[in-house]
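# Remarks on the overall topology
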Amino acid sequence: MSRTVVRTMTGALALAAATAVIPLVSPATAVADSIIIGGTPAHVADSPWVVALSSRDRFGGTRAGQFCGGVVVEPKKVLTAAHCLSREALGTDVGQVSDLRIISGRDELNGTGGKEIPVSGTWVNPGFDAATNGGDVAVLTLSEALPEQDTIPMAESGDSAYRAGTAATVYGWGDTTGYGDYASSLRSAGVSIMPDSSCEQAYPGGRTGAYDASSMLCAGEPEGGYDACQGDSGGPLVAQGRLVGLVSWGNGCGRAGSPGVYTRISAAIGWMTAAD
Ligand code: ARG
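Numbers given for residues are sequential positions, taken from 1 along each chain in its written order. Given that this is a predicted model, residues contribute local features only at a pLDDT of at least 70 and side-chain atom pairs are listed and counted only at 80 or more, while totals for whole chains, interfaces and linings are drawn from all residues. Side-chain measures here rest on the full set of heavy atoms in the structure, leaving out hydrogens and waters.

The condition that has to hold: UniProt positions are given in the numbering used here, feature names are shortened, and annotations may be inferred rather than shown by experiment.
Per an unreviewed UniProt entry, the protein is named Serine protease, and its organism is Streptomyces castrisilvae. Its UniProt record gives the protein a comment under Sequence similarities (unreviewed entry), which states: "Belongs to the peptidase S1 family."

Right, dumping it as C-alpha cells:
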C-alpha cells in the first residue's frame, strides 16, 4: 500500500541502519536546513519521562539500537505505540527480541548517560488495527523501577489539554528531514492541537489514511514545518504538563495540510483499564 509513511518503521529502520538519523521534523522544502527546521535540541533533564526503545540485536549499535520512542507513566510502566512492537517493525515477534530495553536519562544515544533497563513484559493493545493504525498503544513493564519524578501524568478525557489550539510539544530521536536523517540527540518540536474537523479533512480515508477522532488526535501547524517523523513513533506529545498523545502516523512529515496523527491518551486509558 502506498501509505508508506504511516507505518513504515521498517523502511525507516532499514534506512536507519544505513544512514545516520535525527529527530522531529520537517518538510520536503526544508531539506537544506533540516536540522533546525521544526525541532530544537531537548534534554531529558527537563523531560525525564521521554525514553528511547532499543534493541541492538534488531537495529544495530550505531544509535544504541534506538527504533522508537516511549514515555514513562509509572515507575515501571512505559507507553509506546503498538506498531513499534509489530512483526513488521521488528522483523520478528516481540517475544523473540531478547535485548528489548528502554534507555532513560540519556540525550545523546551514542553516550553513556542514564540507564538502560530491560523490558520484562509487553502488552500490545489487542484492538490495534495495523490497517488503520487505530488503537496504537502498547505498555512495556520494566525490570527495574524509575523514580516517581520521572513519570508524567496522562490527560484524562475532558482535560483542557486536548482543546484545539492548545500548544503542545513532541519529543523524539527520529528523522529530522523525512529523508532518513535520524537524530542521535533528543529533539523536540512545538505543535498545536488541531480541531478534529481539520484532522478529518486532512485524512478522509483512502490513500493517506483515515482519522478517527475517538481514538486519535492530530497536531501540527497549518503551514506545516513542525512535526514528528519516522523513528519518533511511540514518543510523547505533551500539553499543559500532561501526556495527550503518542506519535503514531502521518502523511509524510511536516507537510502543509498533513498534520501528525497521535494515539489519543484518554482513549488509551480506556483500553488499558479494560485489560486490567
Ligand atoms: N510511523 C512513524 C514511526 O514509526 C511515525 C510517523 C509520524 N509521522 C508524522 N508525520 N507525524 O516512527
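### Re unusual backbone geometry
Rules: For the purposes of this entry, the term helix denotes a DSSP run of H or I that reaches at least four residues, the term strand denotes a run of E that reaches at least two, and both are numbered from the N terminus. Any residue under 20% of the maximum accessible area for its type is buried, any over 50% is exposed, and the rest in between are partly exposed; the area is computed with a 1.4 Å probe on protein chains only.
The backbone phi angle of Ala64 is positive, close to 55°, even though this residue is not glycine. Relative to the elements of secondary structure, Ala64 occurs in the loop between α3 (56-59) and β4 (66-74). With a phi angle near 50°, Gln240 is a residue other than glycine that sits in the positive phi range. Among the structural elements, Gln240 can be located in the loop between β12 (236-239) and β13 (242-249). Classification of Gln240 as partly exposed rests on a relative accessible area of 42%.

### Quick notes on the packing of aromatic side chains
The cut-off we apply is this: Any two of the Phe, Tyr and Trp rings considered here, Trp counted by its six-membered ring, make a pair once their centres fall within 6.5 Å; the pair's planes then place it as stacked at under 30 degrees, edge-to-face at over 60, or tilted in between.
Enumeration according to the criterion identifies 3 aromatic pairs in this entry. On the numbers, 4.5 Å between centres and 25° between planes, the contact of Phe59 with Phe67 is stacked. Under the relative-accessibility criterion, Phe67 is labelled buried at 0%.

### Quick look at the state of the cysteines
This is how the line gets drawn: Pairs of cysteine sulfur atoms within 2.5 Å are what we label disulfides.
Under the definition given, this model contains 3 disulfides. Here Cys68 connects covalently by a disulfide to Cys84, the sulfurs 2.1 Å from one another. Judged by the sign of its S-S torsion, about -85°, the bond between Cys68 and Cys84 is left-handed. Linking Cys68 in strand β4 with Cys84 in the loop between β5 (77-80) and α4 (87-90), this pair joins segments that are 16 residues apart in sequence. Here Cys68 falls in the buried class, since its relative accessible area comes to 0%. Covalently, Cys229 is tied to Cys253 through a disulfide, its sulfur atoms 2.0 Å apart. Disulfide Cys229-Cys253: the torsion about the S-S bond is 80°, which places it as right-handed. Taken as a pair, Cys229 in the loop between β11 (216-220) and β12 and Cys253 in the loop between β13 and β14 (260-264) lie far apart in primary sequence, 24 residues in all. Each member of the pair Cys229 and Cys253 is classed as buried.

### Some remarks on the environment of Ser55
Rules: Whether two residues are in contact is decided by their heavy atoms: any pair within 4.5 Å suffices. Polar contacts, as counted here, are pairs of nitrogen or oxygen atoms within 3.5 Å of one another; within protein the pair requires one atom able to donate a hydrogen and one able to accept it, and residues that are adjacent in sequence qualify only if both atoms are side-chain atoms.
Considering the arrangement of structural elements, one finds Ser55 in the loop between β3 (50-54) and α3. Separated by 44 residues in sequence, Ser55 and Asp99 place their C-alpha atoms 5.5 Å apart. For Ser55, the contacting residues outside a window of four places in its chain are Gly60, Gly65, Phe67, Val97 and Asp99. For Ser55, the side chain forms a polar contact with the main-chain nitrogen of Arg58, separated by 3.1 Å. Within polar-contact distance, the side chain of Ser55 engages the side chain of Asp99 at 2.6 Å.

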